[in-house]
Structures are given as C-alpha cells and as structure tokens.
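As a plain string of letters, each chain reads:
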Amino acid sequence: MTFPLDPSALLIAAFAFLLAGFVKGVVGLGLPPVAVGLLSLVMTPAEAAALLVVPAFVTNVWQLAAGPRFGALARRLWPLLAASALATLAAGAVLHGRYGREATIALGFALMIYAAYGLAALRLAVSPAVERWLAPLVGAATGVVTAATGVSSFPAAPYLGSLGLNRDDLIQALGLSFTVSTIALAIALTGSGLLGPKIAGISTLALVPALGGMFVGGWVRGRVSEPVFRRCFFLGLLGLGAHLAARALF
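Residues numbered from 1 in each chain as written. Predicted model: local features only at pLDDT ≥ 70, side-chain atom pairs only at ≥ 80, totals over all residues. Heavy atoms only, no water.

*Asks:* Even after reading the chapter, I still don't get the overall build of the chain, so can you show me in this structure?
*Replies:* The number of helices and strands found in the chain is 11 helices and zero strands. Reading the chain from its N end, one meets helices and strands in the order α-α-α-α-α-α-α-α-α-α-α. The C-alpha atoms of the chain give a radius of gyration of 17 Å, which matches the 18 Å a tight globule of 250 residues would have. For the chain, the C-alpha atoms occupy an extent of roughly 50 × 45 × 35 Å along the three principal directions. Here the chain, with 250 residues, has 50% of them falling under the buried criterion. Counting only contacts in the chain whose residues sit at least 6 apart along the sequence, the fraction spanning at least 24 positions is 83%. Carbon and sulfur atoms make up 73% of the accessible area of the chain, which amounts to about 11,200 Å² in all. The positive charge centre, built from 15 side chains, and the negative charge centre, built from 7, are 4 Å apart in the chain. (Helix = DSSP H or I, 4+ residues; strand = E, 2+ residues; numbered from the N terminus. Rg over C-alpha atoms; globule rule 2.2 N^0.38 Å. Buried < 20%, exposed > 50% of the residue type's maximum accessible area, 1.4 Å probe, protein only. Contact = heavy atoms within 4.5 Å. Areas by Shrake-Rupley, 256 points an atom, 1.4 Å probe, with all protein chains shown as cover. Lys, Arg positive; Asp, Glu negative; His and termini not counted. Charge placed at Lys NZ, Arg CZ, Asp CG, Glu CD.)

Printed below as a string of structure tokens:
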C-alpha cells in the first residue's frame, strides 16, 4: 500500500481522524465509521482500515478500561466476541485486497444502515434465552462487516444496546467488542500485506489528531445539545454512505 504515504493523502487522513475523534468525544462513538468513511473517498476501505488500527485500538482500550465489570462482561459476551474474531479473520483472508469496489459499496450501505438505525432510535430488547443463540450470529455478522468495511459497529452496537445493560456497562461492553474486532482486523490486515511497519507508523501518528479531536469533543459535549449533535452525526453518516455507494456503483 503506497497511497497513504502521499502528502495530500496524509492531510486528508489527519482531517478525517481529527473529525472522527471530535465526534467520538461528543457522542462516545463514531471513530471508525467517520474515519473509514472519509478516508474511503480517496482510498479503498481496506487501506483506510489499516490506517485506523492504532487509533481505534488505543481509544477502544481506553473506553474498555474505564468500566468496572470487565470479567463479568467478558464471561457473558464471549460467544459474540469469539464469533466476531473468527469471522473477521476468515472473511479477511478472502476479502482484503481483492474486492475494492465491492468493499466500498458494502461500506456505503453499512454506513447507511447504521445511520438509519441511529436516526430511528429504536429500543430493542433481547431476552436471555434469545441471547444464547443470537450472540454468535451477531458476532459472525459483525466479523464479516468488519473484514469487508473496517467498521465494527454494526450489528454489534445495536445488539449490545438491546441487552439491558446500564450506561457504564454498555460503554465498557462496546469497548470490549470493538477492541476484539480491532485486534482481529489488525491480524487479518497484516496477513494480507496491507498493514506493515510503515503503515503502522502512520497509524500511530494518526493518534495525535484523533486524541486531539476527542479532547475538543469532550469539551464541547457539555456545551451543545447531544441529541441534536447525534442527529446531525447520523444524517452526515447517511449522506456519506450514500455518496460512497453511489460513486462505486455508478
């Protein structure tokens, strides 16, 4: 992968991570969808995902470490996590570097579905009996989406939101799920040759704008209406997804 070493691409990447970090700082989510979505305007989703690895890992571990019930959540969510990791590795071995146009289309539709879900503000509920068999299916679907698009939010995030967790547990559960997905994605990208030392170095540098954006977003959080910002975020994501899918299709 050579394109991200171009100076103009580095500027685009810096802006993408700054904006993605800002969104995550305000609403607590959105780093991978925003960063991969914007970067995919100028590179393939797999290349964008490779640049995302270090910022996503660091911010997700940060989110994971902030919660108090890691052990209990890991025991409850392991079927989801295991299926997600295995599906990411299996799908990544097939998809990465082979289907750039198709991956861009898939990313566009994934962003639109995720945005539509966020705008609808649906309140789903999964019972313990359903959770036992649904968790690995959701994990497998998340793994395929992660491998194809670099975005691990869907359908894992809506599913975790349906388990009746309190706010702190939900934030930690999301951090746990995203961390596992990021590690599996990094392994798959390394195996396919898309993540090497140079790209890992650039990905590490991307931490600076991402964390800077998160800091500013955290400052803004208490000064703007979060519901209004979330609505604007999902509308923007919907438009970005539609643009990516249409551009790749036509």
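*Asks:* I keep staring at the pattern of salt bridges and nothing clicks. Help me out?
*Replies:* One side chain can pair with another of opposite charge once the charged atoms of both are near each other. On inspection of all chains with the given rule, the structure shows two salt bridges. Across the pair Arg76 and Glu131 runs a salt bridge, and its minimum N-O distance is 3.0 Å. Taken together, the residues Arg76 in helix α4 (residues 70–95) and Glu131 in helix α6 (residues 128–149) connect sequence positions 55 residues apart. (Salt bridge = Lys/Arg side-chain N within 4 Å of Asp/Glu carboxyl O.)

*Asks:* When you look at the environment of Leu176 in this model, what are you seeing that I'm missing?
*Replies:* As for its placement among the helices and strands, Leu176 is situated in helix α8 (residues 167–191). Classification of Leu176 as buried rests on a relative accessible area of 6%. Leu176 sits 116 residues away from Asn60 along the chain, and the two C-alpha atoms are 7.3 Å apart. Beyond its immediate stretch of four places on either side in the chain, Leu176 contacts Leu64, Phe70, Leu73, Ala74, Leu77 and Leu81.

*Asks:* What is the right way to look at the side chain of Thr179 in this model?
*Replies:* Within the fold, Thr179 resides in helix α8. In terms of polar contacts, Thr179 uses its side chain to reach the backbone carbonyl oxygen of Gly175, at 2.6 Å. Once residues within four sequence positions are removed from consideration, Thr179 is found in contact with Phe57, Asn60, Val61 and Leu64. (Polar contact = N/O pair within 3.5 Å; in protein donor to acceptor, adjacent residues only side chain to side chain.)

*Asks:* Teacher, can you tell me more about the confidence of the model for the chain here?
*Replies:* Low pLDDT marks regions whose predicted coordinates should not be analysed in detail. Mean pLDDT over the chain works out to 84, with 94% of the residues at or above the 70 mark. Per-element confidence in the chain is highest for α6, whose mean pLDDT is 91, and lowest for helix α11 (residues 226–249), whose mean pLDDT is 80. (pLDDT = per-residue confidence, 0-100.)

*Asks:* What am I meant to see in a nonpolar patch on the surface here?
*Replies:* A surface patch of nonpolar side chains, amounting to about 380 Å² of accessible area, comprises Phe57, Val61, Leu89, Ile183 and Ile187. Within the residue set of the nonpolar patch, elements represented by two or more residues are α3 (45–65) and α8. Mapped onto the elements, Ile187 comes out in helix α8. (Patch = residues over 30% accessible without salt bridge, like charges linked within 9 Å, V, L, I, M, F, W, Y side chains within 5 Å.)

*Asks:* How should unusual backbone geometry be read in this particular structure?
*Replies:* Glycine aside, the phi torsion of most residues is negative, and most peptide linkages are trans. The peptide bond linking Phe154 to Pro155 adopts the cis configuration, its omega dihedral lying at 0 degrees. In this structure, Pro155 sits in the loop between α6 and α7 (156–161).

*Asks:* Looking at this structure, I do not really get the packing of helix α1 (residues 7–27) against α3. What am I missing?
*Replies:* Direction vectors running N to C along α1 and α3 enclose 20 degrees, while the axes themselves pass 12 Å from each other. On the basis of their axis angle, the class for α1 and α3 is roughly parallel. Handedness of the α1/α3 crossing: right-handed. Seen from α1, the contacting residues are Ala13, Phe17 and Lys24; seen from α3, they are Leu51, Leu52, Pro55, Thr59, Asn60 and Gln63. Taken together, the residues that form the contact of α1 with α3 break down as five nonpolar, three polar and one charged. (Axes fitted to C-alpha atoms, helices over the stretch in contact; angles between N-to-C directions. Parallel < 35°, antiparallel > 145°, perpendicular 65-115°, else oblique. Left-handed = near helix turned anticlockwise from the far one by under 90°. Nonpolar A, V, L, I, M, F, W, Y, C, P; charged D, E, K, R; others polar.)

*Asks:* How do you make sense of the side chain of Thr59 when you look at a structure like this?
*Replies:* In this fold, Thr59 is placed in helix α3. At 2.7 Å, the side chain of Thr59 forms a polar contact with the backbone oxygen of Pro55.

*Asks:* How should I be thinking about the environment of Pro128 in this particular structure?
*Replies:* Looking at where Pro128 falls in the secondary structure, it is placed in helix α6. Sequence separation between Pro128 and Leu163 is 35 residues; the distance between their C-alpha atoms is 8.4 Å.

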